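The chain contents come next:
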Amino acid sequence: MIPRMEPLPLPLEGITVVTVEQAVAAPFATRQLADLGARVVKVERVDGGDFARGYDTAARGLASHFVWCNRGKESIALDLKDPRGLDVVRRLIADADVFVQNLAQGAAARLGLDAAALCAVHPRLIAVDISGYGASGPYVRRKAYDMLVQCEAGLVSVTGTPEQPVKAGIPAADIAAAMYAFSGVLAALVRRGTTGRGGPVEISMLEALAEWMGHPLHHAMHDGTPPARTGLAHAVIAPYNAYPTADGGRVLLSVQNDREWQRLAAQVLGQPELGTDPAYATNAARVARRERTDALVAKALGALGTDRAMARLEAADIACARLRDLRDVAEHPQLAARERWREVGTPVGPLRALLPPITLPGGNDARMGDVPALGEHTEALLRAVGMTDDEITALRRDGVAA
């Protein structure tokens, strides 16, 4: 018999993270750490906390950004401009493995919370500075909100239609920086395990998103011309586009090679002769006649309902997808079949949330902890760093803690 094994612990259990963070980039990074078992202490302003708390009220009165990025954290509200509030943060950092901050450029250094300063005092600490444009260069002082960085990194230039560039529908620059910060922390923890030393980790939103621009950037640098904006169509492959169906839906399909085109022509378009017609037989020919190629596909799919169109494409082994809106995604059959939805606690009750996409078979599920109220853990954390009742009362009375 195969012995029954106990589930492996989450990989970051026993790791403590202190973070002075706001908006998306740092909070999304530290949420990944919390999901994998780390204890994350979130330091917020006393006057409203992380300003993402006020972005909207879409999540039953809470801000959707905040709910998304901040589960599983402990919230302590402090005024870091007061030496007593800053002292509390320093005490928390002294017992931490990781410190993360994404304050405005220069603010952390003025407080003595920049990575270089902290790592000089705490050699085992991993200290992460997330900024818009990095710690040097002519853009060092510029504000760097997500859409601004999308423009500077060229993402907007390749997104949209020939007539109109558009931003990505998600905060791509924030997410890129967050995921590099997350992976940077993991790499630094591995290095610390072999050397005993932590060290600074620097992440720039511009550099993160510029890396994600890889294909169009290399296309432009080496070919001399950027890929055209083509809406939902692929710039260099045809047919690779979305087409309306008879019941008002839309189906996107992708033909990756000429064999697939032959199957599409025979089994979906009902015109097998197009598979070998020199005007369409190669991708180069189809791209040169993109409008005519798209018209042929649109005519065939436009006569079918969405379910029937998908079935016919799948039977022909053609890559395809439905264009779903967000309500459809929330009820996606694949996510449901794989049991990817959970509920997390919040100040307004349980809310649905997706399991994080890192799955570790044989281990415990991700720790999807509660979304904290502002200052929910202030008192417990103040006591944990040695504050007396009188000191805590004084901090609250003077507005240094909330």
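Enquirer: When you look at the sheet that holds strand β8 (residues 250–254) in this model, what are you seeing that I'm missing?
Expert: Pairing between the strands of a sheet is mediated by backbone hydrogen bonds and can be parallel or antiparallel. Read across the open sheet, the three strands follow the order β7-β8-β9; overall the sheet is antiparallel. This sheet does not close on itself; its edge strands, each paired only once, are β7 (240–244) and β9 (319–322). Each neighbouring strand pair of the sheet contributes to a mean axis angle of 25 degrees, computed without reference to strand direction. Against the sheet, helix α12 (residues 290–302) makes contact with β7 and β8, and its axis sits at roughly 40 degrees relative to β7, the strand it touches most.

Enquirer: How should helix α7 (residues 172–195) be read in this particular structure?
Expert: Since the α-helix turns once every 3.6 residues, residues separated by three or four places project in the same direction. The end-to-end C-alpha distance of α7 is 34 Å, a good match for the 34 Å that 24 residues give at a rise of 1.5 Å each. Gly196, located one to two residues past α7, shows a positive phi value of around 80 degrees.

Enquirer: Is there a simple way to think about empty space enclosed by the protein in this case?
Expert: Empty space left among the atoms is revealed by rolling a probe the size of a water molecule over them. Per the counting criterion, the structure on display carries one cavity of 30 Å³ or more. The computed volume of the largest cavity comes to approximately 40 Å³. As for the largest cavity, its lining consists of Gln32, Asp35, Leu36, Pro356 and Ile358. Class assignment of the residues belonging to the lining of the largest cavity gives a composition of three nonpolar, one polar and one charged.

Enquirer: What should I look at first to understand unusual backbone geometry in this one?
Expert: What you tend to see is this: most non-glycine residues have negative phi, and most peptide bonds are trans. A cis amide bond, omega -5 degrees, links Ala238 with the succeeding residue Pro239. As for its placement among the helices and strands, Pro239 is situated in the loop between α9 (214–223) and β7. If you check the backbone angles, Glu339 has positive phi at about 55 degrees while not being a glycine. Topologically, Glu339 is positioned in the loop between α15 (333–337) and β10 (341–344).

Conventions used here
Residues numbered from 1 in each chain as written. Predicted model: local features only at pLDDT ≥ 70, side-chain atom pairs only at ≥ 80, totals over all residues. Heavy atoms only, no water. Pairing = 2+ DSSP bridges. Helix = DSSP H or I, 4+ residues; strand = E, 2+ residues; numbered from the N terminus. Axes fitted to C-alpha atoms, helices over the stretch in contact; angles between N-to-C directions. Contact = heavy atoms within 4.5 Å. Expected span 1.5 Å × (residues − 1). 1 Å grid on protein atoms, 1.4 Å probe; cavity = no way out; pocket = protein on both sides within 12 Å on 5 of 7 lines; lining within 4 Å. Points joined across faces, edges and corners; volume = space filled by probe spheres on them. Nonpolar A, V, L, I, M, F, W, Y, C, P; charged D, E, K, R; others polar.

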